[in-house]
Each structure stands twice: as structure tokens, then as C-alpha cells.
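Structure at a glance
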Amino acid sequence: MRHRPGPACPGRRHRPRPLLPGHEAPPRPRLPGQEPPPPAPPGRGGFCATAARSGRVAYCPTCSRWAAMGKRRDRRELLRNLSKKQKKHLREFGEEHPFHDKVSGRPEATQICELSENSDKSSAESDSETEVEQVSVYHKLLATLKTSPESESEEEEDESESEEAEESEAEMDSEGSQEPGEADGGEDKKDVPEEKEATDTAEQMLGQEQDDGADTSCDPHHRVTEEFTDVKHESEFSLETNFMEEESGDCNADTRDSSSSQAVSEDPFKQHMDKELEEKEIEKMSTDPKTSSQSQWPRLGQLTFSSTLEKHKTLKADKEVDVKQLYLHKPLESTWPKVNKQILSSVNKPSDSSFTPLQRELFCIMNTYRDLFYPEGNALTNGEEIRHAYCLHALNHVLKANAQVLSNNAKRRDRKPGTDTDDYRDQGLTRPKVLMIVPFRECALRIVHILISLLEVNDKKKIDVSNKKRFKGEFGSDPEEKPPNLKRPEDYEAVFAGNIDDHFRIGVAILQKSMRLYAPFYSSDIIIASPLGMRTVIGAEGEKKRDFDFLSSVEILIIDQADIYLMQNWEHVLHLMKHINLLPLDSHGVDFSRVRMLNLNNWCKYYRQTLLFSAVQDPQINSVFNKHCFNYAGQVAVRNLPLTGSISHVVVQLPHVFRRLEAESVTSVIDARFQFFIDKVLPEYRDAIMSHTLIYVPSYFDYVRLRNYFKKEDLNFTHICEYTKKAAVCRARRFFLKGEKQFLLFTERFHFYKRYTVKGIRNLIFYELPTYSHFYSEICNMMKATDNGVDATWTCTVLYSKYDAQKLAAVVGIDRTAQMLQSKKNVHLFVTGENE
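Source: prediction; values computed, not measured.

The mixed open sheet is built from seven strands, whose spatial order is S17-S18-S16-S19-S20-S15-S21. Unpaired on one side and paired on the other, strand S17 (717–720) and strand S21 (827–832) mark the two borders of the sheet. Recorded for the sheet is a direction-independent mean angle of 20 degrees between the axes of neighbouring strands. By the bridge criterion, four bridges tie strand S19 (residues 763–766) to strand S20 (residues 795–800) in an arrangement that is parallel. The residue bridging Phe-766 from the neighbouring strand is Val-798, located in S20. Against the sheet, helix H29 (residues 814–822) contacts strand S15 (654–660), S20 and S21, and its axis sits at roughly 50 degrees relative to S15.

Below you can see the structure in the form of C-alpha cells.
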């Protein structure tokens, strides 16, 4: 081996690795036949005293020597060769990152050695020792890291990718260059492969080191089978092995109070679940049309009651509701007023009632076990009111069902041999009774907090919640993750508050004094999940690992914020509805002597109550309520007609031209709209004078169709959709603002998730009416963002058909909608902003 003499070490080309004071030198692999390094000289920290005092100590594996780095080599020169990520790691942990040991970009000198006879053995041993040591060092780092290397690399890669576009967009709105989760600096391209290796290793380590504070159910790199479920507390929450005596005194009191036949017969839970349907009634519900009636309620407004069976008693809104008359389970009577106190304080009109006017009327319908569709839910205004109401109803149902099972357990234990066991049919084929579908983890977090609060009688008597710390870590959010300088509308902030991960599912088991989070589905009473979380469990035909038996006996289905699923993937909701209340493929250890006859007859869907909440009236949501809800008790839908549309909120002076297209059916309207656009509308905007034209497209499929057509016709256009990368978005906005691109294709889902202000709009085309009516006024008001004195040339064109009646009414109002659909004219003009 040839060395050149040098001031620091004989191996001059090899740069020794610097170490800060108090840190040990990591082991290095030795070349075959090379002697192990000698022990470090005595002194502070194991180094020589002079070197330790100076803090400039290094070990060179090439020459196998400990050396103190001379003062001639400045520390700043060493730091210049470090990337931003390496500097950050050096500053925080006192040494370089294990996966970025090479400080210099220069390759090491090739070394030629003579192999000894036992070289294979020594090499293998040294390699194995090195791997063990590297794992242990990285092990310690993982314990202190807040974020995984994968997330950091993604953030830095996004930052470096969009830096150039953002710097060139100085005159653009600052909103376009500010996104949650951006990193402080970019990473060099040469570090990407090394970082990928680090990510893979980190994932393996995290998989081995999982404890109660980590969950892999939402990690796309982990399969569903690897998600965490609580197996420790199986016996404590088992309905088969527990009895009523083991519950609290409140439950015993509730049993004594409900022992009278009159109280039991009037309980809505008993009335609904104990009713035995006949086969004639089942056939009637499957074939006969529903009869409907209208009713006007003070807060909900216009209600439509529909049912196939005999007309039930007319349901009237109670002005005042006594909690004791609602047949709530014993703990809920005392806890509900306390839990709902904050909601009551936000209502303008103070009242002695424990319900707000909206909650009182909603719970009045829920408690009769009718299906309910409420399309006026809003995360900003009444979202929490609705959430508290359906959580109370769901928990009340679960507590009553479990109390019935535990009570019958005690009766079966004390019964005389030979007695009939049909009196104890109180279960379904599987345990889950309530399924809650919510869009984000933040919603699930709030639901669980409400359930815990409803079970805690007072502050002194806290209920036992298993895996609570783990749950908060997985479903909570870090307030530092969101930059404080983002400016978005209030409704956007309300919808996307907290943890907005949309892939999750969690089972909740409840007994009187305790709650079990992360319970296995077949041991859960309540399942809280997102549509995507359920879709990955249910699977598709042909997949080996799929499971939907746990949905067989769901008695209450709650779908909250259904409008958001239109922006995610509505197919997941339809897939769920097709697999709910089907006969299970396996028995799953059920005691068939305890199963209700309605479940054995596969009639559970006729007893299931569906609560559907949305912010908009949409045909797809209406279809789920009309075609997938078979409740024998009937359906109640809120059908309020909008008197004034969102067009009244447009503040710019703008002519709105509504052009009606003709279509024979709902399926043909897609092709009819496309043909109408390219034949009648687009030719009017091909002229160069009609520049700065934004085309708003709600459907992604229509967007792809238009994009392909524009490319085929070689039109001067750019496009932005929800899948467009950030740098491409910045470029498209800049080109559109400067007029370098005449058309901008703009999807509704991108606007829903980003809410950017697009500047430079002079001509606006709504290819289809927006799903959210307030998006119409938002897009129109973007025109005032660019004040260049050409207000008179602004135009707005809207395409609609007779199948868009609900969306049209939300934009222009019900009266104008009736005129526009019945008129012989196909073009209608409205002008806004004239009074300003």
C-alpha cells in the first residue's frame, strides 16, 4: 500500500472524519489483512489530552492512526462540503448522518492490497460487526427523530422542484407559493439515492420497533394485515363472558327502571328491533313504490316522509324535549347536558333545554329509527351540532344493546336446565352495530372525544380508555405543521382542520366504565372509518385477502360530510353500500342460539337506520339514499328549496350567459355537453381577442377529454388539475396571467383542495355547474384580483341541462330555475354588480 506523507496523516488523500468533543469514533470496515486500530491514547474522552482540549480529533482508517487535526484546516472549510440536511443533523446530534459519511464529493483513492489466507473469514467477521454497530447507532437516532427521512426527502424534493418556478413568479399572488409541509431548503440530486436507502432502512427499523404509540394502518408501505389491533383486552370487553352484575350501579338502576313492561314497550330501541316482519311485508318493500307526505318543521324546514308499509303516526316537532322522556341510557341523561354545554353557548338564543333547536329536531327523528337525509350540514356553522347529536344516538343504541346482552347472560347463567333459549335472541351475526363514515382522521378524533365525554359521569370518575395515547398520536395533529401565513376562506379552514389523512379505520368497543380503542372489528361495537379505509379492507372480487363479514349486522350507518366524498372518490362509498348487511361467509364463533331471527333471515338491511349528512343536494347522494336504504320504519329527507342563489354574492360587474343544452337521458348528457361545447361555445373563444379564458371543469373525466381535444387541435392552452405538481401549477398560473396561454383548464377538485386565487381571468366558462354553489361566486370574484381597466370585456358563460336542476337552483334560485328550464329560449342573461 502506497502512502504520501502529509501534515495530518500519511493517507493525505483520505480526509479524516471530524468528531465533536465527547463523541466516540464509529467503527470502520477494515481491509483484508489489515490490523485492527490501536486503542486511543489516554486523555479526556479517550483521546490524547492536547487533541481533546482543541476539540479537533479524527481517526483515519487508511493509516490506522488517531490524530489531532491541525489548526491550519479550518472548520468552515469542512462544513462547506456538507448539504443542508447534513449540517442540520450535525448541529442537532453532534455528528454526521450515518448515511452521509462522505463529506467530500471526490472519490477515494483506489487501494491495492495483498489478501491473506484467512481474508474471507476476517472480512466476513468485520462486515457483520460493522452492520450491527451501524444498526445500533441509527437505532438511537430513530428514537429522537420527529419525522422520518422519507417525509423530509419528499419535502425537500418538492421545495427544490418548485424553487425556480416560485422565484420567477414574483409578481404572482403569494398564495401560490405557500403550501403546508414545505421544507426549508432543497437537497442536491446526488444525495437522492443515498436518501432512498436511508428511507428503506428506516422503514424496516420502524416496523421492528413499533410500540403502542405507532400505527401502520395508514402507511401505504404496510399491508392491512400489519395494522395494529388491541388483543390484550379481549376478555375484558367480551360480551359473552361478562354479566350485568359486573357493571356499574347506574346500569343496574337502569335495568330496574326498565323492568316494567310499559317502559320496555315504549322504548324506541325495543320497538324497532323487536318488531317481527313478515315475508309479505318484505316483498312489498322490494316491489311497491313508496308513499310520501310533506311536513313543515320550525328549524329543519320542509320535510318529506316516505314509507312503503302502512303510514306511521305523523311525526311532529317537539318545541321542548325532556331528556328523561327520550329513553336515554342512564349515564347519558346526566352527561349529555354537560357535553353539549359548549354547543349551547354558541347558539344565539339561550334556552333551558339541553338541545339546540337543530339538535332537538334531528334527534327527534333519529330516535324513531327512521332514515334521515340532511343536506344542509356545514363544517363551519352546524357541523359540531350534528356530530354531537348522532354520537349521542349511536352511543345510546350501543349501550342499550350491550346492556340487553349482559342482562341475558346473567339470566342464562341462572336459568333452570331444559328451559327455552329463544327468549335470549339479542345479537347479530357479528358484533359491530354502528358504522361511522367520516372523511378525515380529525373527525374520528372528535367523535371519540365526544364518546368518552358522554361516558364520564363527572371529572372524578374517569373511564378507562385503552390505547388512548396511541390514538392521540395517530389521529391528532401537530400545530407546527401548518404555516401560519396561509390565507384561505373560513369554510376551507373548517373542513381541513387538524389531521386530514383520509385512509384510516378503527374499532371501538364500549362497556359501561371502559372503552377499548383499536379493537378488532369482530370485537367492536362501533367502527369509525373513511371510505378509502373501508375500501382497502373490503377489497375487490378476485383478491385473496378481503373481508366484509363484519358489516353483516350493522344496525346504524352514519355517513357524515358526504359531499367531501364526491371530491375524494365516490366509488368507495358505492362499493361500501354494496357490501353492507350481507350474509357472512364464516360464523366467526357466533352463538346461533343468541342471534335474532331478522339476522338469520338476512333481513338486517330492512332494520338498518341510515343517517346521511351533506352540505349540498346532489343526484349521486340522493341516489344512495333512495336506492340503498330499505328501512321499514321509513325515510325522512330535508328538501328546502334555495330562494336566492350564490350568484347574488358576485360583486364584480359581469354578464352571466346561461346556455341550455338538450339531452335525451342522464347517460347521454355527458356526450351532449362535450359536443355542444366544441360546436357552439369554443368557436366563439378561438379568436386571439378572447384571451385569458378559464374553463372550469367539475369532472376529472371531462377534464381529460377536453385536454386531449385541445392537444389534438393544437390550441394554445395550459391546464391545472389535482394531480398537477406544484412547479407546473406555478408555471401555468404565470403563463395564464401574462397571456402566453390563451386557455386554462381548471378542475373543481383542485379548487376544493387548494383554493388558489387565479389572476388574469377575463373570460370564464363553466363547462358544468359547480358542485358547491359558493364556488360559482368565488371563481367569478377572482376577476377583480387583476384590475387592469378592462372590466367591460369580462364575460361568463355557463352550460346547463334539465338534469342540473338542483345545482342550477343553488346558483340562481328556485324561481329563476323554473323559468329557465320551462322557457323556450335556450339562452338567459343575468348581470351582476350594476349597483356598485
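With that settled, consider the packing of aromatic side chains. Per the counting criterion, the structure on display carries 33 aromatic pairs. An angle of 40 degrees between the planes, with centres 5.2 Å apart, marks the rings of Trp-336 and Phe-355 as tilted. One end of the pair, Trp-336, is in helix H11 (residues 330–339); the other, Phe-355, is in the loop between helix H12 (341–346) and helix H13 (357–366), and 19 residues separate them in sequence. As far as burial versus exposure is concerned, Trp-336 and Phe-355 are alike and both buried. The side chain of Arg-470 reaches across the aromatic face of Tyr-518, ending 5.3 Å from its centre.

Of note, Arg-660 is situated in strand S15. What makes Arg-660 buried here is its relative accessible area of 9%. Between the alpha carbons of Arg-660 and Val-827 there is a distance of 6.4 Å; along the sequence they are 167 residues apart. Residues in contact with Arg-660, not counting those within four places in the same chain, are Phe-676, Tyr-800, Met-820, Leu-821, Gln-822, Ser-823, Lys-824, Lys-825 and Asn-826. Here the side chain of Arg-660 touches Leu-821 through a polar contact of 3.3 Å, landing on its backbone oxygen. Looking at Arg-660, its side chain comes within polar contact range of the main-chain oxygen of Lys-825, at 3.4 Å.

To continue, consider the state of the cysteines. This model, assessed by the stated rule, comprises zero disulfides. Cys-780 carries a free sulfur, and the closest cysteine sulfur to it, the one in Cys-796, is 4.3 Å from it. The class of Cys-780 is buried, set by a relative accessible area of 0%.

With that settled, consider the environment of Leu-799. For Leu-799, the location among the structural elements is in strand S20. When neighbours within four sequence positions are excluded, Leu-799 is seen to be in contact with Arg-659, Leu-661, Arg-673, Phe-676, Phe-677, Val-681, Phe-766, Tyr-767, Glu-768 and Leu-769.

The next thing to look at is a nonpolar patch on the surface. Together, Phe-592, Met-597 and Leu-600 give the surface a local cluster of nonpolar side chains, amounting to about 270 Å² of exposed area. Residue placement: Met-597 occurs in helix H21 (residues 597–600).

On to the pairing of strand S4 (residues 291–297). One ladder, built from seven bridges, connects S4 with strand S5 (residues 301–307); its direction is antiparallel. Across the sheet, the residue bridging to Trp-297 is Gly-301, located in S5.

Note on sheets: strands pair through backbone hydrogen bonds, and any given pair is parallel or antiparallel. A sheet is described by the order of its strands in space; here 11 strands give the open sequence S4-S5-S14-S6-S13-S12-S7-S11-S9-S10-S8, paired in mixed fashion. In this open sheet, the two strands that pair with only one neighbour each are S4 and strand S8 (464–466). Direction aside, neighbouring strands of the sheet carry axes that sit 15 degrees apart on average. The strands touched by helix H15 (residues 441–455) within the sheet are strand S7 (434–437), S8, strand S9 (505–511), strand S10 (514–517) and strand S11 (526–529), with S10 carrying the most contacts at an inclination of about 160 degrees.

Within the fold, Thr-356 resides in the loop between H12 and H13. The class of Thr-356 is buried, set by a relative accessible area of 1%. With near-sequence residues (within four places) excluded, Thr-356 lies in contact with Asn-340, Ile-343, Leu-344, Val-347 and Glu-385.

Our focus in this paragraph is unusual backbone geometry. Phi angles above zero are rare outside glycine, and Tyr-369 is one such case at about 65 degrees. Mapped onto the secondary structure, Tyr-369 falls in the loop between H13 and strand S6 (371–374). For Tyr-369, a relative accessible area of 2% gives the class buried. For His-692, which is not glycine, the phi dihedral falls at a positive 55 degrees. Inspection of the secondary structure puts His-692 in the loop between helix H23 (669–685) and strand S16 (693–697). Residue classification places His-692 among the buried positions, given a relative accessible area of 7%.

Per-chain confidence: the protein averages 77 in pLDDT, with 66% of residues scoring 70 or above. In the model, residues 42–56 has pLDDT below 50 throughout and makes 27 contacts with residues more than four positions away in sequence or in other chains. Confidence drops under a pLDDT of 50 for residues 144–171, and excluding neighbours within four residues, the segment shows 48 contacts in the predicted structure.

Further remarks concern helix H22 (residues 619–627). Buried residues of H22: Ile-621, Asn-622, Val-624 and Phe-625, and no others. The arc enclosing the buried residues of H22, seen along the axis, measures out at 155 degrees, which places them on a common side. For H22, the secondary structure elements touched by its buried residues are S6, helix H19 (562–568), helix H20 (570–578), strand S13 (609–613), strand S14 (635–638) and helix H28 (805–812). N-capping of H22 is provided by Asp-618, with a side-chain oxygen placed 3.0 Å from the backbone N of Gln-620.

Take the nonpolar core next. Here is a general trend for soluble globular proteins: nonpolar side chains tend to be buried in one another's company. Among the nonpolar cores identified, the biggest contains 138 residues, and Tyr-390, Met-515 and Phe-658 are the most heavily contacted of them. Once you skip the residues sitting within four places of it in the chain, Tyr-390 turns out to touch Met-366, Met-436, Val-438, Ile-447, Ile-558, Asp-560, Leu-611 and Phe-613. Of all hydrophobic cores here, the second largest spans 24 residues; its members include Leu-682, Ile-695, Tyr-703 and Phe-717.

Okay, the pattern of salt bridges next. Inspection of the entire model under this criterion finds 21 salt bridges. A salt bridge links Glu-456 to Lys-462; the nearest nitrogen and oxygen atoms lie 3.7 Å apart. Residue Glu-456 is classed as buried on the basis of its relative accessible area of 15%. As a salt-bridge pair, Glu-713 and Arg-686 come within 3.8 Å of each other at their nearest N and O atoms. Placement of the pair is Glu-713 in the loop between helix H24 (700–712) and S17 and Arg-686 in the loop between H23 and S16, with a sequence separation of 27 residues. The exposure class of Glu-713 is partly exposed, given its relative accessible area of 33%. Judged by relative accessible area, Arg-686 falls into the partly exposed class, the value being 36%. What emerges from the salt-bridge pattern is a single network uniting Glu-384, Arg-387, Glu-442 and Arg-446.

So, how was this worked out
Residues numbered from 1 in each chain as written. Predicted model: local features only at pLDDT ≥ 70, side-chain atom pairs only at ≥ 80, totals over all residues. Heavy atoms only, no water. Pairing = 2+ DSSP bridges. Helix = DSSP H or I, 4+ residues; strand = E, 2+ residues; numbered from the N terminus. Axes fitted to C-alpha atoms, helices over the stretch in contact; angles between N-to-C directions. Contact = heavy atoms within 4.5 Å. Phe/Tyr/Trp six-rings, centres within 6.5 Å; stacked < 30°, edge-to-face > 60°. Buried < 20%, exposed > 50% of the residue type's maximum accessible area, 1.4 Å probe, protein only. Lys NZ or Arg CZ within 6 Å of the ring centre and 35° of its normal. Polar contact = N/O pair within 3.5 Å; in protein donor to acceptor, adjacent residues only side chain to side chain. Disulfide = S-S within 2.5 Å. Patch = residues over 30% accessible without salt bridge, like charges linked within 9 Å, V, L, I, M, F, W, Y side chains within 5 Å. Areas by Shrake-Rupley, 256 points an atom, 1.4 Å probe, with all protein chains shown as cover. Salt bridge = Lys/Arg side-chain N within 4 Å of Asp/Glu carboxyl O. pLDDT = per-residue confidence, 0-100. Arc of directions from axis to C-beta. Core = buried A, V, L, I, M, F, W, Y, C linked by side-chain atoms within 4.5 Å.

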